[in-house]
Amino acid sequence: MSIKILVAGDLHLGRSSGGIPGMPEEISTRFTWQRITDWCIEGKADMLLLTGDIVDRNNRYFEALGPLQRGFARLRDAGIKVFMVSGNHDFDVLNQIARGSDYENVRLLGAGGNWELASFEKNGRKVQVAGWSFPRQFVYENPLLSMARLGIDPNHPAIGLLHCDVAAGESKYAPVDVSGFAGKGINAWALGHIHKPIILNQADPLVFYPGSPHAMSAKENGSHGCVLLTVESTGIIRHEPVPMSPVRFETLVVDITGSAGEGDVRARVTRAAAQEAGNMIREQQGLAWVVYDIIIDGEHRTPREAAIWAGSGIEDYRLEIQPGTNVVIRKVESIVRPLIGNLEKLSGESSPAGRLAETILAIGQGRTTPFAEALLSQWNAKFLAINDSPAYQPVKKEVRNADLAGQGMRFIEKECRKLLGELLEQQSPSKQ
Ligand SMILES: [Mn+2]
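Computed from a prediction, not measured in an experiment: that's the story for all the values here.

**Student:** Would you explain helix α1 (residues 29–44) in this entry?
**Tutor:** Helical geometry note: an α-helix holds 3.6 residues per turn, so side chains three or four residues apart project in the same direction. The end-to-end C-alpha distance of α1 is 21 Å, a good match for the 22 Å that 16 residues give at a rise of 1.5 Å each. Residues of α1 that are buried: Thr 29, Arg 30, Phe 31, Thr 32, Trp 33, Ile 36, Thr 37 and Cys 40. Tucked into the core, α1 has its buried residues touching β1 (3–8), β2 (47–50), α2 (61–77) and β13 (225–231).

**Student:** For this particular structure, what's the right way to read the sheet that holds strand β11 (residues 198–201)?
**Tutor:** What the six strands build is an open sheet, ordered β5-β6-β7-β10-β12-β11; its pairing is mixed. Since the sheet does not close on itself, it has two edges, and those belong to β5 (116–122) and β11, each with one partner. Recorded for the sheet is a direction-independent mean angle of 20 degrees between the axes of neighbouring strands. Pairing between strand β6 (residues 125–132) and strand β7 (residues 158–163): five bridges, direction parallel. Looking across to β7, one finds that Gly 131 is bridged to Leu 161.

**Student:** Would you mind showing me how to read the packing of helix α7 (residues 352–364) against helix α10 (residues 404–427) here?
**Tutor:** Two quantities define a packed helix pair, namely the angle between the axes and the distance from one axis to the other. At a minimum axis separation of 9 Å, α7 and α10 run at an interaxial angle of 145 degrees. Two packed elements cross with a definite hand, and for α7 against α10 that hand is left-handed. Every residue of α10 that contacts α7 at Pro 352, Ala 353, Leu 356, Ala 357, Thr 359, Ile 360 and Ile 363 is listed here: Met 409, Ile 412, Glu 413, Cys 416, Arg 417, Leu 419, Leu 420, Leu 423 and Leu 424. Of the residues in the contact of α7 with α10, the class split is 13 nonpolar, one polar and two charged.

**Student:** What should I look at first to understand the domain arrangement of the chain in this one?
**Tutor:** Accessible area lost when the parts come together is the quantity often used to give the size of an interface. Taken as a whole, the chain is organised into domain 1 (3–243), domain 2 (247–338) and domain 3 (343–431). For domain 1 versus domain 2, the separation of C-alpha centres amounts to 35 Å.

**Student:** Mind showing me how you'd approach the sheet that holds β13 here?
**Tutor:** Strand pairs in the sheet, formed through backbone hydrogen bonds, run parallel or antiparallel to each other. Strand order in the open sheet formed by six strands is β4-β3-β2-β1-β13-β14, with mixed pairing between adjacent strands. Among the strands making up the open sheet, the edge pair consists of β4 (106–108) and β14 (237–243). On average, adjacent strands in this sheet sit at an angle of 20 degrees to one another, irrespective of strand direction. Alignment of strand β3 (residues 81–84) against β4, held across three bridges, turns out to be parallel. Considered in β4, the bridge of Met 84 is made with Leu 108. Strands in contact with α1 are β1, β2 and β13; relative to β1, the strand with the most contacts, it is inclined by about 180 degrees.

**Student:** Is there a simple way to think about the pairing of β2 in this case?
**Tutor:** Successive residues of a regular strand alternate their side chains across the two faces of the sheet. Where burial is concerned, the two faces of β2 agree: the one with Met 47 and Leu 49 and the one with Leu 48 and Leu 50 are both buried. For the crossover from β1 across α1 to β2, the handedness is right-handed. Here β2 pairs with β3 via four bridges, running parallel. In the sheet register, Leu 48 faces β3, and the bridge partner there is Val 82.

**Student:** Explanation requested: α2 in the structure shown.
**Tutor:** Relative to the 24 Å expected for 17 residues at 1.5 Å per residue, α2 spans 25 Å between its end C-alpha atoms, a close match to the ideal helical length. Turning to α2, its buried residues number three or more, namely Ala 64, Leu 68, Gly 71, Phe 72 and Leu 75. Down the axis of α2, the buried set is contained in an arc of 100 degrees. They therefore lie on one face. Seen from the open side of α2, the exposed residues pointing more than 90 degrees away from its buried face are Phe 62, Glu 63, Gly 66 and Asp 77.

**Student:** Before we go on, may I ask you to explain the environment of Leu 200 in this structure?
**Tutor:** Structurally, the position occupied by Leu 200 is in strand β11. Residue class for Leu 200 comes out partly exposed when judged on the 16 C-beta atoms lying within 10 Å of it. Between the alpha carbons of Leu 200 and Ser 179 there is a distance of 10.0 Å; along the sequence they are 21 residues apart. If sequence neighbours within four positions are ignored, Leu 200 has contacts with Val 166, Val 178, Val 207 and Phe 208.

**Student:** Help me understand the environment of Phe 72 in this model?
**Tutor:** Within the secondary structure, Phe 72 is located in helix α2. Taking the C-beta count within 10 Å as the criterion, Phe 72 has 22 such neighbours and is therefore assigned buried. For Phe 72 and Leu 361, which are 289 residues apart along the polypeptide, the C-alpha to C-alpha distance reads 65 Å.

**Student:** How should the nonpolar core be read in this particular structure?
**Tutor:** Note that soluble globular proteins tend to have their nonpolar side chains buried in a common cluster. Ranked by internal contacts, the top residues of the largest apolar core, which has 67 residues, are Leu 48 and Leu 49. Sort the elements by how many residues they give to this core and β1 lands first, with five residues. Excluding residues that lie within four positions of it along the chain, Leu 48 makes contacts with Leu 6, Ala 8, Cys 40, Leu 75, Ile 80 and Val 82. With 25 residues, the next largest nonpolar core counts Val 254, Trp 289, Ile 329 and Val 332 among its residues.

**Student:** Can you help me understand the pairing of β1 in this one?
**Tutor:** The buried fraction of β1 is high, at five of six residues. Pairing of β1 with β13, which is carried by five bridges, proceeds in the antiparallel orientation. Bridging across to β13, Val 7 finds its partner in Val 227. Note that β1 and β2 share four bridges and pair parallel. Paired with Ala 8 across the bridge in β2 is Leu 50.

**Student:** Any chance you could explain unusual backbone geometry here in plain terms?
**Tutor:** Among all residues except glycine, the phi angle is most often negative; among peptide bonds, the trans geometry is most common. The omega torsion of the bond from Asp 204 to Pro 205 falls at -5 degrees, within 30 degrees of zero and hence cis. Along the chain, the position of Pro 205 falls in the loop between β11 and β12 (206–209). With a phi angle near 55 degrees, Asp 53 is a residue other than glycine that sits in the positive phi range. Mapped onto the elements of the fold, Asp 53 is located in the loop between β2 and α2. The residue Asp 204 is not glycine, and still its phi comes out positive at about 55 degrees.

Rules of the game
All residue numbers refer to positions counted from 1 along the written sequence of the respective chain. Where totals are concerned, whole chains, interfaces and linings use all residues; where local detail is concerned, this predicted model gives features only for residues with pLDDT of at least 70, and gives and counts side-chain atom pairs only at 80 or more. For the purposes of this entry, the term helix denotes a DSSP run of H or I that reaches at least four residues, the term strand denotes a run of E that reaches at least two, and both are numbered from the N terminus. One less than the residue count of a helix, multiplied by 1.5 Å, gives the span that helix is expected to have. Buried residues are those with 20 or more other C-beta atoms within 10 Å of their own C-beta, exposed residues have 12 or fewer, and partly exposed residues lie in between; C-beta atoms are placed from the backbone. In this description, a residue-residue contact is defined by the distance between C-beta atoms placed from the backbone, which must lie within 7 Å. We call two strands paired when DSSP finds no fewer than two bridges between them. An axis is simply a line fitted to the C-alpha atoms; with a helix, the fit covers only the stretch in contact. Between two such axes, the angle follows the N-to-C directions and lies from 0 to 180 degrees. Helix crossings fall into two classes, left-handed where the near helix is turned counterclockwise from the far one by less than a right angle and right-handed where it is turned clockwise. Amino acids outside the nonpolar list (Ala, Val, Leu, Ile, Met, Phe, Trp, Tyr, Cys, Pro) and the charged list (Asp, Glu, Lys, Arg) are all regarded as polar, and Gly is one of them. Domain ranges listed in this record stem from an automatic or a database domain assignment. Every crossover in which the path from the first strand over the helix to the second runs clockwise, viewed with the strands pointing away from the viewer, is termed right-handed. By definition, the arc is the one covered by directions from the helix axis to the C-beta atoms. Put simply, a nonpolar core is a cluster of buried Ala, Val, Leu, Ile, Met, Phe, Trp, Tyr and Cys residues tied together by C-beta atoms within 7 Å.

This is the structure:
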């Protein structure tokens, strides 16, 4: 018989997802906490592991504790054990709750920053869990360096729980180097602190951040959920993502080339969003909100107007693509270029438009023109003057190493396209 262990981190109870109209219940992280506990109670997991920052320190701190405790009680009544470590947000509160006598099923490991080992048994099979908890808000030392012998039995699988900042160099959130997880007698390390799900090492040991189970902002795009660890009877630990977040943030690039007026541009944007969200809900159940940041791309005769059309009134757009699943658009950005038409033909002309077309063509083919060269030397002089100003000293090294000429040429090409687009727009019959 295998043992199923659900791992969740960085829930930040007390917070809600931004960018969603109204205050529907499912945008709050406590909705996802309920989903996680339901999932365990339905018998899909034997044990729940929490990797810290379960409670958010800055948002309605006391309000968050009620739902947490209700969840612990429901898990207790269902006979589900919880092992957890605290993070920088909940270093004090998780320990207080676990120390009380109400939840004998809940155990905080490594209180006070002292490593601790516990074990879980089911059907005569044992899994060990080692953990370390944040003793205070900021920890500048690497907790792995103080991981003494915990008496881990090599005959049984062992899981490590740690809230830490991997590969960050200096950090006040328990900086750890990824190489430090090996050789500790742990088969799988479940980490907390980083909200994006990441697998740092696939095996021997497995090292991963489950990420936030609930996507809280547009920065946390993509699928968010928990990780299910299955400890096979052979002792091998398998891992798979379990999507949980009712909210998903995505960025979508929509090409509007060939679209005519306002209605057409808007239809392209909304159709693309609805279509992509439709594909997404086939893969992931329980999505209540799909929130898009749209980037319109391509060529248009009037790029400025196209950007305005695509974005106007977008805050009111809402499409229910299936009962209970809504698509909304948070913002629209534009990288649409002016429609230039036949560059080759234009470049043969001796007009200003011809000169611009010639330059755009040349840069695209890695060549240059006297006009581009003159612009580049001016660009270089301006750029270096800015670069030498004291305000930019901190970023200077990075800039110095960059491909300056390439950067300048790309800038010149972009500006030539913009200019040429405007020039042609002025000459077009509709404007005369
Ligand atoms: Mn944290």
